[in-house]
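Report on the structure
The lines below spell out each chain.
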Amino acid sequence: MAKGSETKKRKQKKVRKPPVIVRLVQRSGWNPGRVAAEILSWIETIVVAGALAAVIMTFVTVRMHVPTGSMIPTIDPRDSFFVDRITYYFRDPKPGDIVVFRQGEVALRGAEPGSAAASARIASGVKLVFANGVAVRTVAEVDAVLAGLADGTAIRLETSNGAAYNLGVKTATTTLATLGVKAKDAPTRYVKRLIAVGGQTVQIRDGKLFVDGAQLAGARFDRSYISTGARMAYGVEPTPVPAGKLFMLGDNSSDSFDSRYWGFVDESAVIGVPYLRVWPFSRFGTF
């Protein structure tokens, strides 16, 4: 009786199939040994895990931090958090949302020897933020600003570390390249608060935000917004937001490079919404 029971259990026991990758190589004519099969199994696990991680980071979530104090007190420079990339597939961004988006930056990589940029000792490893007082986000924008200057106008570039460089005067052929400035576009993830969407009109007045003439109220907007900077070109007066664009501000208005300077963000540049702060542990939690 016991012997028959053991036979039955053996029949019921399922034979474990080898991993897919092992079965594939077996079909090709190679029958790997135990060690080789184990290695192939680990390779399959790593590849699958990597593929899943890539899908999640591309379509579901991404981790980031803010290197500046532009969103204090909502987000500190040391905070690390995850971003939900799915929400905006189901609803449109709305004023008050904290939004992560791609923003163009111009990264400086030094100067060509013997050029005006070399003579000015232009820095490397910093971002170019103003060309003759105009906020710039791409090399093309810088060249457009330079092209719009009258011949003989002094050229002045300002960088993210607060330095300013005088690079001679504008001529008919002046571009960043002819000045000897080594630069490239460097899209960067930004996080700001959405204030107004396409079709709305925004203005900062007496430190408060007004959209379509009505003051924005509530905890998300309970702070003073600065609009007196010499280079602030948007939101100082009633500013219509074009269709398909967004107007973004940092919560820490005194230390934020945002829509007041460079205008609008394309809706297509939006990445998602911060949803979980994971570092530091003392600030762990949802937004």
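Residues numbered from 1 in each chain as written. Predicted model: local features only at pLDDT ≥ 70, side-chain atom pairs only at ≥ 80, totals over all residues. Heavy atoms only, no water.

**With respect to a nonpolar patch on the surface**
A cluster of nonpolar side chains, Val35, Ile39, Ile43 and Val47, forms an exposed patch at the surface whose accessible area comes to about 360 Å². On the secondary structure map, Ile43 appears in helix H3 (residues 34–59). (Patch = residues over 30% accessible without salt bridge, like charges linked within 9 Å, V, L, I, M, F, W, Y side chains within 5 Å. Areas by Shrake-Rupley, 256 points an atom, 1.4 Å probe, with all protein chains shown as cover. Salt bridge = Lys/Arg side-chain N within 4 Å of Asp/Glu carboxyl O. Helix = DSSP H or I, 4+ residues; strand = E, 2+ residues; numbered from the N terminus.)

**Notes on the environment of Lys208**
Mapped onto the elements, Lys208 comes out in strand E12 (residues 208–211). Residue Lys208 is classed as partly exposed on the basis of its relative accessible area of 32%. In sequence terms Lys208 and Arg223 are 15 residues apart; their C-alpha atoms lie 7.6 Å from each other. Excluding residues within four positions of it along the chain, Lys208 makes contact with Gln203, Gln215 and Arg223. (Buried < 20%, exposed > 50% of the residue type's maximum accessible area, 1.4 Å probe, protein only. Contact = heavy atoms within 4.5 Å.)

**Remarks on the pattern of salt bridges**
In the structure shown here, the tally under the stated rule is 13 salt bridges. Each member of the salt-bridge network shares a partner with another, and the members are Asp76, Asp79, Arg277 and Arg283.

**Regarding helix H6 (residues 139–147)**
Along H6, the positions that sit buried rather than exposed are Val139, Val142, Val145 and Leu146. Down the axis of H6, the buried set is contained in an arc of 120 degrees. They therefore lie on one face. Seen from the open side of H6, the exposed residues pointing more than 90 degrees away from its buried face are Ala140, Ala144 and Ala147. At its buried positions, H6 is contacted by strand E4 (106–111), strand E5 (124–131), strand E6 (134–135), strand E7 (154–159) and strand E9 (181–185). (Arc of directions from axis to C-beta.)

**With respect to the nonpolar core**
Grouped together as the largest cluster of nonpolar side chains are 21 residues, with contacts concentrated most on Leu128, Val142, Leu157 and Val181. Elements supplying a minimum of two residues to this core: E4, E5, H6, E7 and strand E8 (164–169). Here this core takes 4 residues from H6, the largest share from any one element. When near neighbours in sequence (up to four residues on either side) are disregarded, Val142 contacts Val106, Leu128, Ala131, Val136 and Leu176. (Core = buried A, V, L, I, M, F, W, Y, C linked by side-chain atoms within 4.5 Å.)

**Observations regarding the packing of aromatic side chains**
Tallying each qualifying case throughout the model produces 10 aromatic pairs. Ring plane angle 45 degrees and centroid distance 5.9 Å describe the contact between Phe101 and Tyr190, whose orientation is recorded as tilted. Placement of the pair is Phe101 in strand E3 (residues 98–103) and Tyr190 in strand E10 (residues 188–197), with a sequence separation of 89 residues. With relative accessibility at 12%, the residue Tyr190 sits in the buried group. Each ring, one from Phe130 and one from Phe257, has its centre 5.8 Å from the other, and the planes form 75 degrees; the classification is edge-to-face. (Phe/Tyr/Trp six-rings, centres within 6.5 Å; stacked < 30°, edge-to-face > 60°.)

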